[in-house]
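Here's the letter readout for the chains.
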Amino acid sequence: MLQIVGVHGIRQGSSATTAELSRKWQASVDDALADSGHASAAGPIRLTVPSYQGVYPKTATRYMRLGPGSADAAEDAPVGEEEEEFILQALAAYAPSAVAEEDDSPMGGQTLGEGRLTPRILRRARAVDRVAGRGVTDRLLWLVREAHGYLRHEETGAAVRAEVRAALAATGARMVIAHSLGSVVFYDMLSRGEVPSRADGSPAVVSLITCGSPLSWLAVRKGVHTAGAPLSVPAGVEWTNLYAPYDPVNRRGGLSHLAVGVTDIEVDNGKLNAHDVHRYLDKPAITERVAKAQHL
């Protein structure tokens, strides 16, 4: 039986247990295998998706909305100076021309109380929307804040990685499917040497699939990677990256321009909810890699 570990993004794992996440991911892959004709070649699989909601700060998992009166925004933790700078850098990198579009106009009645976005973030967010499309930052800011929570809080990051490592060790998984911020978490684990090893010292995981990855964001890469060097995984790990044109997180592109040894595959997730993990899990590229991993 091929054991696979899934590494979820924070938003998906904020209200689901390991059993729930594992069941849903497994169902998506099982259905895709049945439809693709790869089921017999792949053989039986077991997909385990450890939920790390218990070790991740609740405030970092809230889905932020820019509109006034949003309950989610009101319940979120205040944005500090360091996090504000991280958000501003991330948004500027996402749409560089947006910086020139910012202005100092009044906030139009927006009340900024505790837990709300700062005026600088709101101005940049509105500028990004003017350049990239209305509502884009509404879909991006939750990821940016979650990334900050993982990358800038050492205890949180260590606890998240420990949950994933425990699942890898318990299952003996040879394959990992990492979605959204989960791809950052697992890349970080590989870089730190925190993935269980085989007898020869190489990682026990031999096949990695990343989906909807924000590793193309400079602000994110700074936290898990050596500046100036290409992204890479250890020898013996086959890395496939799936990206969808209308997924705002991967900025309409793959990772091959930033990484060595990665195979980028463009997939069609439609225009609505293009970042959803299950839209990635039902793709032929997943089933082909699952079938191949049985023989790696």
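Presented here is a report on the structure given in the accompanying data block. The shown structure was predicted, so the numbers you read here are calculated from the model rather than taken from an experiment.

Calculation criteria
- Residues numbered from 1 in each chain as written.
- Predicted model: local features only at pLDDT ≥ 70, side-chain atom pairs only at ≥ 80, totals over all residues.
- Heavy atoms only, no water.
- Pairing = 2+ DSSP bridges.
- Helix = DSSP H or I, 4+ residues; strand = E, 2+ residues; numbered from the N terminus.
- Axes fitted to C-alpha atoms, helices over the stretch in contact; angles between N-to-C directions.
- Contact = heavy atoms within 4.5 Å.
- Parallel < 35°, antiparallel > 145°, perpendicular 65-115°, else oblique.
- Left-handed = near helix turned anticlockwise from the far one by under 90°.
- Nonpolar A, V, L, I, M, F, W, Y, C, P; charged D, E, K, R; others polar.
- Core = buried A, V, L, I, M, F, W, Y, C linked by side-chain atoms within 4.5 Å.
- Buried < 20%, exposed > 50% of the residue type's maximum accessible area, 1.4 Å probe, protein only.
- Salt bridge = Lys/Arg side-chain N within 4 Å of Asp/Glu carboxyl O.

Observations regarding the sheet that holds strand E3 (residues 175-179)
What the six strands build is an open sheet, ordered E2-E1-E3-E4-E5-E6; its pairing is parallel. Two strands close off the open sheet at either side, each with one partner strand: strand E2 (45-48) and strand E6 (262-266). The mean angle between the axes of side-by-side strands here comes to 20 degrees, regardless of whether they run parallel or antiparallel. Summarising the sheet, strand E1 (residues 2-7) and E2 pair through four bridges and their orientation is parallel. Paired with Gln-3 across the two strands is Arg-46, which belongs to E2. Contacting E1, E2 and E3, helix H2 (residues 18-36) runs over the sheet at an angle of about 145 degrees to E2. Sheet contacts for helix H8 (residues 154-171): E1, E2 and E3; angle to E1, the most-contacted strand, approximately 175 degrees.

Things to note about the packing of helix H7 (residues 136-152) against helix H9 (residues 181-192)
With their axes 10 Å apart at the nearest point, H7 and H9 run at an angle of 20 degrees to one another. One way to sum up the angle between H7 and H9 is to call them roughly parallel. Crossing of H7 against H9: the hand is right-handed. Between H7 and H9, the residues in contact are Leu-143, Glu-146, Ala-147, Tyr-150 and Leu-151 and Leu-181, Val-184, Val-185 and Asp-188, respectively. Of the residues belonging to the contact of H7 with H9, the class tally is seven nonpolar, no polar and two charged.

Description of the nonpolar core
Formed by 58 residues in total, the largest nonpolar core has its most connected members in Leu-168, Val-176, Phe-186 and Trp-239. Of all elements in the fold, only E1, helix H5 (81-94), helix H6 (119-132), H7, H8, E3, H9 and helix H10 (218-221) reach the threshold of two or more residues within this core. Leu-47, Val-277, Tyr-280 and Leu-281 belong to the second largest nonpolar core, which has 25 residues in total.

With respect to the pattern of salt bridges
Summed over all chains, the structure comprises eleven salt bridges. Between Arg-120 and Glu-85 there is a salt bridge; the shortest N-O distance is 3.9 Å. Placement of the pair is Arg-120 in helix H6 and Glu-85 in helix H5, with a sequence separation of 35 residues. Between Glu-102 and Arg-124 there is a salt bridge; the shortest N-O distance is 2.4 Å. Here the residue Glu-102 occupies a position in the loop between H5 and H6, and Arg-124 occupies one in helix H6, the gap between them amounting to 22 residues. Through salt bridges that share partners, Arg-161, Asp-188, Arg-192 and Glu-194 make up one connected network.

Taken by themselves, the reported measurements are silent on function.
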